[in-house]
Amino acid sequence: MEKKAKRIWIGAAALAAAAGIVIVTVSAFSRKTVQASAKTDVLAPMTLQNTVSATGIVESSQISNVYSTLGTLVEQIHVEVGDRVNEGDLLCVLDTENLQFQISQQEAALGAAANASQQQIDLSQKAYDTAKENYQNGTNSSIVQAQTALATAQNSLRSAEDTLKNLDDSVSDSEKDYVEARNDWKESKEMTALAWETLKNAEKNENMPADRYKEIEAAYQTALQTEEALKMQYESYRQMYRAVDQQYTQAETAVENARANYESAKKQLEVAELSVDQQIDNYADNVETAKISSNQEASRIALQQLKSQLKDASVKAPVSGTITAVYAKEGMPGSGLLFVIENTDELRITTTIKEYDVTHTQPGMPVVIKSDATGDSEFAGVLDVIAPTALKAADGSTISSTNVEFQAKVNVTEKDTGLRVGMNTRLQIILEEKQGVYGVPYDAVSERDGQSFIFVVETNEKGEQIAREVPVETGIETDFYIEISGGELADGMEVLSNAEGVQAGARVGMARD
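Q: Looking at this model, I keep getting lost on the overall build of the protein. Mind explaining?
A: Across its full length, the protein carries 6 helices and 22 strands. Here the protein has a C-alpha radius of gyration of 62 Å; the compact-globule value for 513 residues is 24 Å, and the former is much larger. Each principal axis of the C-alpha atoms in the protein carries an extent, and together these give about 200 × 90 × 35 Å. Classification of the 513 residues of the protein by burial places 32% in the buried group.

As structure tokens, then:
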């Protein structure tokens, strides 16, 4: 969509010379100009449209391709190109002999599999019930054996703990006797040493009476004997304490061993119970597995698919419409595309919109449709869809080109147009439209100091046709016309088609066709 630039008023003489317009001087005191052969447009309400032009190909709004994947031979075809069909109408029939044989085989296999699966379920259920009953009644051999071992270990631990407790008192008493004997022996040694010292002093005293010396000597011998006796007693208690202490250590070891055996037996019982639980769970899983294995859903689905294929052997129309292509052939495999059904009553046109125009268009805009095949007739349509991306190459990449285009779809909103699928069409997408407004050629409008104006041709009191400047406001622009409005405009005014080089008040010579 390209627009012509507006003309800017820059001086009548220069523009007139540049445009080759004839200018005549009347007198030195009156310098009004005359434009020769000026063309005019008569103001009248009109419809202005700002449009984008495009071309496209007529398509059906609904195309249904009828396929078959059976691959069996086509026995009979019931339609041909041009036939109108309703949804559900029979199009062709495919051979079904092999399908019926497969269905019989599948049904027989399903019956045999069901019997075998039920037998496996019964066996698995029986094993599960037996294991669960033995566990609940406490007759499971593994658990009973582990419980017996635990009871034995528990008794052994209690016996060892009792022995240790009894030895604990003996050790305490023996240790007490041992300590007392050691203390007594230590005191007697001190007494013996004191008696020896007294005896030595007595030997040094020449004046000590003999009787007194003998007493001291006797006391030393007594102390020495007492020390020896207490020493023997100390050795005896020490040996007794060591023996009892050794027994206590052995008893402690026995308790530790018994406790370890008890913990091991308890663990073995837990392992046995867990093992039995797992075994019962495994039996339960076996039951479920057997049930799952008995589920012939996959085979039933396969049977259903065969029956569905049998049904599909009668190929029917998925939609109502017109048969526009028949690819099926009697006696040939009925696989792939067999028929094409199109709705020829509701048409659409596939077109492209250029990069420059796509930003100005949007879905919902009205479209005028023409075709060489339908002559000058125009048909109404509406822009339905514009692709979000430009046209792409075969590999899916965006086409890099200076002529970027976007695919669009136009719905034909009229019926009985005479358009047919595959026809070429010319499109006018109406971006903007105004009805009952004034419009003039672009060259009829000039601008000075921000004010747009035109020249209208009027007759003065002398009967001369002169150009009068009329201020206007501009509006919608089309390829050839621009909308104007203003308080001085009226129907029937003659507007100079080209205002270039014209001055207000200049005489105008009208062009004659």
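Q: I tried to follow the pairing of strand β15 (residues 405-412) on my own but got confused; where do I start?
A: Here 7 bridges tie strand β12 (residues 347-354) to β15, and the two strands are oriented antiparallel to one another. Following the sheet pairing, Arg-348 is matched in β15 by Asn-411. Here strand β14 (residues 379-386) runs beside β15; their pairing, made up of 5 bridges, is antiparallel. Its bridge partner lying in β15, Ile-386 is registered against Ala-408.

Q: Could you clarify how one ought to interpret the layout of surface pockets in this entry?
A: Over the atoms, a rolled probe matching the size of one water molecule traces out where space is still vacant. Each pocket or cavity is described by its volume, and for the largest pocket that value is around 300 Å³. Gln-49, Thr-51, Glu-378, Gln-428 and Asp-479 are, among the 15 residues lining the largest pocket, the residues nearest its centre. Ranked by residues supplied to the lining of the largest pocket, first place goes to strand β4 (residues 46-60) with 6 residues. Classifying every residue of the lining of the largest pocket by side-chain character gives 5 nonpolar, 6 polar and 4 charged. Estimates place the volume of the second largest pocket at around 250 Å³. The wall of the second largest pocket is formed by Val-66, Tyr-67, Ser-68, Thr-69, Leu-70, Lys-311, Asp-312, Ser-314, Val-315 and Lys-316.

Q: I'm lost on the environment of Ala-219 in this one. Help?
A: Tracing the chain through its elements places Ala-219 in helix α4 (residues 210-294). Ala-219 gets classed as partly exposed once you look at its relative accessible area, which sits at 43%. As a C-alpha pair, Ala-219 and Leu-274 span 55 residues in sequence and 81 Å in three-dimensional space.

Q: What's the story with the packing of helix α2 (residues 97-137) against helix α5 (residues 297-312) in this structure? I'm lost.
A: To describe two helices that pack against each other, one gives the angle between their axes and the distance between the axes. Between α2 and α5, whose axes approach to 10 Å, the crossing angle comes to 160°. Relative to α5, the element α2 lies roughly antiparallel. Pair α2 / α5 crosses with left-handed handedness. Here Leu-99, Gln-100, Gln-102, Ile-103, Gln-106, Glu-107 and Leu-110 of α2 come into contact with α5, specifically with Ser-299, Arg-300, Ala-302, Leu-303, Leu-306, Lys-307, Gln-309 and Leu-310. Its residues assigned to classes, the contact of α2 with α5 comprises 7 nonpolar, 5 polar and 3 charged.

Q: Got a minute to help me understand the sheet that holds strand β6 (residues 74-77) in this structure?
A: Sheet strands line up and pair through hydrogen bonds in the backbone, either parallel or antiparallel. Across the sheet, 3 strands lie side by side as β6-β8-β9; this open sheet has antiparallel pairing. Looking at strand neighbours, the two that pair on one side only are β6 and β9 (314-316), the edges of this open sheet. Geometrically, the sheet is characterised by an average inter-axis angle of 20° between neighbouring strands, direction not taken into account. With 3 bridges joining them, β6 and strand β8 (residues 90-94) adopt antiparallel strand pairing.

Q: Could you clarify how one ought to interpret a negative patch on the surface in this entry?
A: Taken together, Asp-168, Asp-169, Asp-173, Glu-175, Asp-245, Glu-252 and Glu-256 make up a surface patch of like negative charges. Mapped onto the negative patch, the elements with two or more residues apiece are α3 (141-204) and α4. Broken down by element, the residue count for the negative patch peaks at 4 residues, all from α3. Among the secondary structure elements, Asp-173 is positioned in helix α3. Judged by relative accessible area, Asp-173 falls into the partly exposed class, the value being 48%.

Q: Which parts of the structure should I look at to understand the sheet that holds strand β7 (residues 84-85)?
A: Taken together, 4 strands build an open sheet; the order of strands is β5-β11-β10-β7 and the sheet is antiparallel. Each end of this open sheet is capped by a strand with a single partner; those strands are β5 (63-68) and β7. As judged from the 4 bridges shared by strand β10 (residues 321-326) and strand β11 (residues 336-342), these two strands associate in the antiparallel manner. Residue pairing across strands places Ile-323 opposite Ile-341, the latter belonging to β11.

Q: Hey, could you run me through the pattern of salt bridges in this one?
A: Think of it this way: side chains of opposite charge can pair up when their charged atoms draw near. Evaluated as defined, the whole model comprises 14 salt bridges. Here Glu-161 and Arg-259 are joined by a salt bridge, their closest N and O atoms 3.1 Å apart. Of this pair, Glu-161 sits in helix α3 while Arg-259 sits in helix α4, placing them 98 residues apart in sequence. Residue classification places Glu-161 among the partly exposed residues on the basis of a relative accessible area of 32%. Ionic pairing is found between Asp-372 and Arg-426, a salt bridge with its closest N-O pair at 2.5 Å. Placement of the pair is Asp-372 in the loop between β13 (366-370) and β14 and Arg-426 in strand β16 (residues 424-441), with a sequence separation of 54 residues. Connected through salt bridges with shared partners, the residues Glu-458, Arg-468 and Glu-488 form a single ionic network.

Q: I keep staring at the side chain of Thr-374 and nothing clicks. Help me out?
A: In this fold, Thr-374 is placed in the loop between β13 and β14. Classification of Thr-374 as buried rests on a relative accessible area of 16%. The contact partners of Thr-374, leaving out residues within four places of it in the chain, are Phe-379, Thr-417, Gly-418 and Leu-419.

Thresholds, definitions, all that
- Residues numbered from 1 in each chain as written.
- Predicted model: local features only at pLDDT ≥ 70, side-chain atom pairs only at ≥ 80, totals over all residues.
- Heavy atoms only, no water.
- Helix = DSSP H or I, 4+ residues; strand = E, 2+ residues; numbered from the N terminus.
- Rg over C-alpha atoms; globule rule 2.2 N^0.38 Å.
- Buried < 20%, exposed > 50% of the residue type's maximum accessible area, 1.4 Å probe, protein only.
- Pairing = 2+ DSSP bridges.
- 1 Å grid on protein atoms, 1.4 Å probe; cavity = no way out; pocket = protein on both sides within 12 Å on 5 of 7 lines; lining within 4 Å.
- Points joined across faces, edges and corners; volume = space filled by probe spheres on them.
- Nonpolar A, V, L, I, M, F, W, Y, C, P; charged D, E, K, R; others polar.
- Axes fitted to C-alpha atoms, helices over the stretch in contact; angles between N-to-C directions.
- Parallel < 35°, antiparallel > 145°, perpendicular 65-115°, else oblique.
- Left-handed = near helix turned anticlockwise from the far one by under 90°.
- Contact = heavy atoms within 4.5 Å.
- Patch = residues over 30% accessible without salt bridge, like charges linked within 9 Å, V, L, I, M, F, W, Y side chains within 5 Å.
- Areas by Shrake-Rupley, 256 points an atom, 1.4 Å probe, with all protein chains shown as cover.
- Salt bridge = Lys/Arg side-chain N within 4 Å of Asp/Glu carboxyl O.
- Lys, Arg positive; Asp, Glu negative; His and termini not counted.
- Charge placed at Lys NZ, Arg CZ, Asp CG, Glu CD.

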